[in-house]
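# Breakdown of the fold
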Amino acid sequence: MDVHFHENSAQTKVATLHVESGEAVHILHPNQIVAFQGKANQREDGLMKLPNMYRKKRLIQSRITGPAEVLIGLPEGYNMTVIPIAEGDDLLYEFKHVLFYTEGVTFTSHLQSMKNTIITQDLIKMQFSGSGTIGILTAGPVHPMALSPDKPLYVDAQCLIAYPKQANLRLCVYGNTLASQHMNYQWELTGQGQVLVQPCKPDRKLDEHMQTDGLLRRIAREVLPFGGIFIK
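Think of each chain on its own: its residues are numbered from 1, step by step along the sequence as written. Selection of residues for local features in this predicted model requires a pLDDT of at least 70, selection of side-chain atom pairs for listing and counting requires 80 or more, and totals for whole chains, interfaces and linings are taken over all residues. No hydrogens and no water enter the side-chain calculation; it runs on all heavy atoms of the structure.

Going by an unreviewed UniProt entry, the chain carries the name AIM24 family protein and comes from Paenibacillus whitsoniae.

Below you can see the structure in the form of structure tokens.
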């Protein structure tokens, strides 16, 4: 599958997904589909699995089979990055950032520690494997940064998009007393590989699915049957 980005005179970004014959793509935010070119029966909408309803705050996802073209609208302030997935990839992502994934890509969940969950208000990280691509939405373009086993990298907790599963993480602040008292929590990371960061912090302009709910509400949505549907 190929992705082509467009940008009009008003700087509103859109992207076209070119889905070839024999390919399929799962779009987790069908409302972002602006236009579709193909046979009507090549789009199949269905209910997400319950955990994904909670994580994405959505009920429905779409499966598009090729040959077809799908025009995707990107919300104001967002960038989309297409990331190739191959066997052996070990990056852990926040599922809320995922806009689409191609068929052939699978994902598994990884629980955070209780301390990290309380601070970040996020229970689960997702690891993608298989062969294909994923598209992620972020506040600003994704920027990769290399890790070192002995030189810590500090990343604002709201800006870390993905990190290697084997990386060492510690929530902290740094700098002198004044700096540490006025900064957001930081991830201190060491290890091998690279992390992905978004250079713009999420704010009120971001869509609802990018906002962080209270921890108790998120746990209730995860634990209670259909909690993600009825608890707003």
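### Some remarks on the pattern of salt bridges
Any two side chains of opposite charge can pair, so long as their charged atoms come close to each other. Take a side-chain nitrogen of Lys or Arg and a carboxyl oxygen of Asp or Glu: if they are within 4 Å of each other, that pair is a salt bridge. Applying the stated rule across the entire model yields five salt bridges. One salt bridge in this structure joins Glu103 and Arg63, with 2.9 Å as the shortest N-O distance. Of this pair, Glu103 sits in the loop between strand E10 (98-102) and strand E11 (105-111) while Arg63 sits in strand E6 (residues 60-65); the two residues are 40 residues apart in sequence, bridging distant segments of the chain. Buried, partly exposed and exposed residues are distinguished by accessible area as a fraction of the type maximum, computed with a 1.4 Å probe on protein chains only: under 20%, between the cut-offs, and over 50%, respectively. On the basis of relative accessible area, Arg63 is assigned to the partly exposed category, the value being 24%. Runs of H or I in DSSP of at least four residues are treated as helices and runs of E of at least two as strands, each being numbered from the N terminus.

### Section: the nonpolar core
Considering soluble globular proteins, one finds that nonpolar side chains tend to be buried as a cluster. Counting 20 residues, the largest nonpolar core has Ile83, Tyr93, Phe128, Ile134, Ile136 and Leu196 as its most contacted members. Those elements giving two or more residues to this core turn out to be strand E8 (78-85), strand E9 (91-93), E10, strand E12 (124-130), strand E13 (132-139) and strand E16 (160-164). It is E12 that contributes the most residues to this core, three residues altogether. Residue assignment places this core across two domains, with domain 1 (1-139) and domain 2 (140-222) each supplying three or more. The contact definition used throughout considers only heavy atoms, calling two residues in contact when any of these lie within 4.5 Å. Those residues in contact with Ile136 that sit more than four places away from it in its chain are Asn79, Met80, Thr81, Ile83, His97, Val98, Leu99, Val142 and Ile161. Ala15, Leu17, Tyr78 and Met80 belong to the second largest nonpolar core, which has 16 residues in total. Buried Ala, Val, Leu, Ile, Met, Phe, Trp, Tyr and Cys residues that are joined via side-chain atoms within 4.5 Å together make up what is termed a nonpolar core. What fixes the domain bounds is an automatic or database domain assignment.

### Quick look at the pairing of E12
The buried fraction of E12 is high, at six of seven residues. With seven bridges connecting them, E11 and E12 associate as antiparallel partners. Note that in E12 the partner of Leu111 across the bridge is Ile124. Should DSSP find at least two bridges between two strands, the strands are taken to pair.

### Some thoughts on the packing of aromatic side chains
Pairing of aromatic side chains here covers Phe, Tyr and the six-membered ring of Trp, requires ring centres within 6.5 Å, and sorts the geometry by plane angle: under 30 degrees stacked, over 60 edge-to-face, intermediate tilted. By the definition in use, this model includes five aromatic pairs. Residues Tyr93 and Phe128 carry aromatic rings whose centres are separated by 5.6 Å and whose planes lie at 75 degrees to one another, so their mutual orientation is edge-to-face. Of the two residues, Tyr93 sits in strand E9 while Phe128 sits in strand E12, which places them 35 residues apart along the sequence. Overall, the relative accessible area of 3% leaves Tyr93 in the buried class. For Phe128, a relative accessible area of 1% puts it in the buried group. Following the ring pairs from residue to residue traces out a cluster consisting of Tyr93, Phe95, Tyr101, Phe107 and Phe128.

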